[in-house]
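Working through the structure, step by step
Read off the chains here:
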Amino acid sequence: MIRRCVVVGGSGAVGALFAERIRAAGARVSVVDPARPPAGRAGGGFAWVRGDVTAIDDRLAAELGHADLVVLAVPEQVALAAVPGVGAALRPDALLVDTLSVKQRFADAVRRHAPGVQAVGLNPMFAPSLGFEGRPVAAVVVGDGPRVAGLLDLVSSWGARIVRVDDRAHDRLAGATQALTHAAVLAFGLALARLDDVHPRDLLRVAPPPHRALLALVARIACGTPEVYWDVQAANPEAPAARKALAESLARLTDTVEGGTEEAFEDLVGELRAHLGADLPRLGDTCAALFEHL
């Protein structure tokens, strides 16, 4: 059972998501941030602690030492710098959690600097505003133990679907599901902006559902925080391979259409059918339902 929890970076979207759910489960939650709490967030059922997790003072060390669970909802460089100090401050039976979108470097740092600590990396594969219900959360167990199982059960009770993978498999999957996806959407939007005399207002008057869906995805990224999408592209060691595959595939498509045959194009589509395999009908139905909504 989690009685005391510290969420470092709890004023951010991901940190707040975990802080609020863990508090609702009955734990006392302390939110650590180097700045003052945002307007309207002070109090609110949380204990706010000003502190720098990369330079732990006595007060922060005491908070960490009393916690059953410490969640690092911070950028990767902060999390990496924090591991030695946080690992030293934790109780032997406490659990360390990261919410990074890239896992290999942090997992290696925990194994090197805090080898006896129970630790698990969680990556909600959705925007925090959507909530856990019905959505996947990737779980990378670095140091197993009873608190790991308890936390995963708790996250499951929120309606999330836990997907357990190791740190390297996680980053490969994130490279495909996040870095490749965002790169494709960004490239589509940038390409659209290069076309002369084509304005989104005019496009929306005639756009079929596939185009409208892609425009909506471009808008979602454009309305988001650039730092989030930069981290997806720059931090994941698997992202360069994903972008290279995207560029090579577009070049292959261009070569096939401009210098090949219709039969060669049919072969490309056949490769997609074969790759999707048994999931093809279900995914086709999902697309049909999406387009009906659009």
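Owing to the predicted nature of the structure, the values given are computational and were not obtained by experimental measurement.

Bringing the pairing of strand β1 (residues 4-8) into the picture now. Across the five residues that make up β1, a large majority, four, are buried. Both β1 and strand β2 (residues 28-33) contribute to a ladder of five bridges, which runs parallel. Within β2, the position partnered with valine 7 by the bridge is valine 31. For β1 and strand β4 (residues 69-72), the ladder comprises four bridges, and the chain directions are parallel. In the strand pairing of β4, valine 6 is matched with valine 70.

Here the focus is the sheet that holds β2. Strand order in the open sheet formed by eight strands is β3-β2-β1-β4-β5-β6-β7-β8, with mixed pairing between adjacent strands. Edge strands, defined here as strands with exactly one partner in the open sheet, are β3 (47-50) and β8 (161-164). Strand-to-strand, the axes of this sheet are offset by a mean angle of 25°, without reference to chain direction. As paired strands, strand β6 (residues 118-124) and strand β7 (residues 136-143) are joined by six bridges and run antiparallel to one another. Residue pairing in the sheet places leucine 122 in a bridge with alanine 139 of β7. Strand contacts of helix α2 (residues 58-66): β1, β2, β3 and β4, with the helix running at about 130° to β1, the strand carrying the most contacts.

Moving on, we come to the packing of helix α4 (residues 104-113) against helix α6 (residues 167-194). Interaxial distance between α4 and α6 falls to 9 Å at its minimum, and their mutual angle equals 165°. In terms of their interaxial angle, α4 and α6 are classed as roughly antiparallel. In this structure, the crossing between α4 and α6 has a hand that is right-handed. On α6, the residues that touch Gln104, Ala107, Asp108 and Arg111 of α4 are Asp167, Arg168 and Asp171. Residues of the contact of α4 with α6, tallied by class, amount to one nonpolar, one polar and five charged.

Under the defined criterion, the tally for this structure stands at 15 salt bridges. Residue glutamate 76 is joined to arginine 105 by a salt bridge in which the shortest nitrogen-to-oxygen separation is 2.8 Å. Taken as a pair, glutamate 76 in helix α3 (residues 76-89) and arginine 105 in helix α4 lie far apart in primary sequence, 29 residues in all. On the accessibility criterion, glutamate 76 (12% relative accessible area) is buried. Overall, arginine 105 belongs to the partly exposed group, its relative accessible area being 34%. Aspartate 167 is the salt-bridge partner of arginine 111, the closest N and O atoms lying 3.2 Å from each other. Pair noted here: arginine 111 is in helix α4 and aspartate 167 is in helix α6, with a separation of 56 residues, a long-range link. Judged by relative accessible area, arginine 111 falls into the partly exposed class, the value being 38%.

Calculation notes
Counting of residues starts from 1 at the beginning of each chain's written sequence and follows it residue by residue. Only residues with pLDDT of 70 or above have their local features reported here, since the model is predicted, and side-chain atom pairs are shown and tallied only from 80 upward, although totals for entire chains, interfaces and linings are computed over all residues. Side-chain numbers here rest on the full set of heavy atoms in the structure, without hydrogens or water. Classification of residues uses two cut-offs on accessible area relative to the type maximum, computed with a 1.4 Å probe and protein chains only: under 20% is buried, over 50% is exposed, and between them is partly exposed. The way it works is that DSSP assigns letters per residue, a run of H or I at least four long becomes a helix, a run of E at least two long becomes a strand, and they are numbered from the N terminus. DSSP-based pairing: two strands are paired if at least 2 bridges between them are found. Here, axes are lines fitted to C-alpha atoms. For helices the fit covers the stretch in contact, and angles between N-to-C directions go from 0 to 180 degrees. Whether two residues touch is decided by their heavy atoms; if any such pair falls within 4.5 Å, the residues are in contact. Working rule for angles: under 35 degrees goes down as roughly parallel, over 145 as roughly antiparallel, 65 to 115 as roughly perpendicular, anything else as oblique. A crossing counts as left-handed when the near helix is turned anticlockwise from the far one by less than a right angle, and as right-handed when that turn is clockwise. For this classification, the nonpolar set comprises Ala, Val, Leu, Ile, Met, Phe, Trp, Tyr, Cys and Pro, the charged set comprises Asp, Glu, Lys and Arg, and every other residue, Gly included, is treated as polar. Here, a salt bridge means any side-chain nitrogen of Lys or Arg that lies within 4 Å of a carboxyl oxygen of Asp or Glu.

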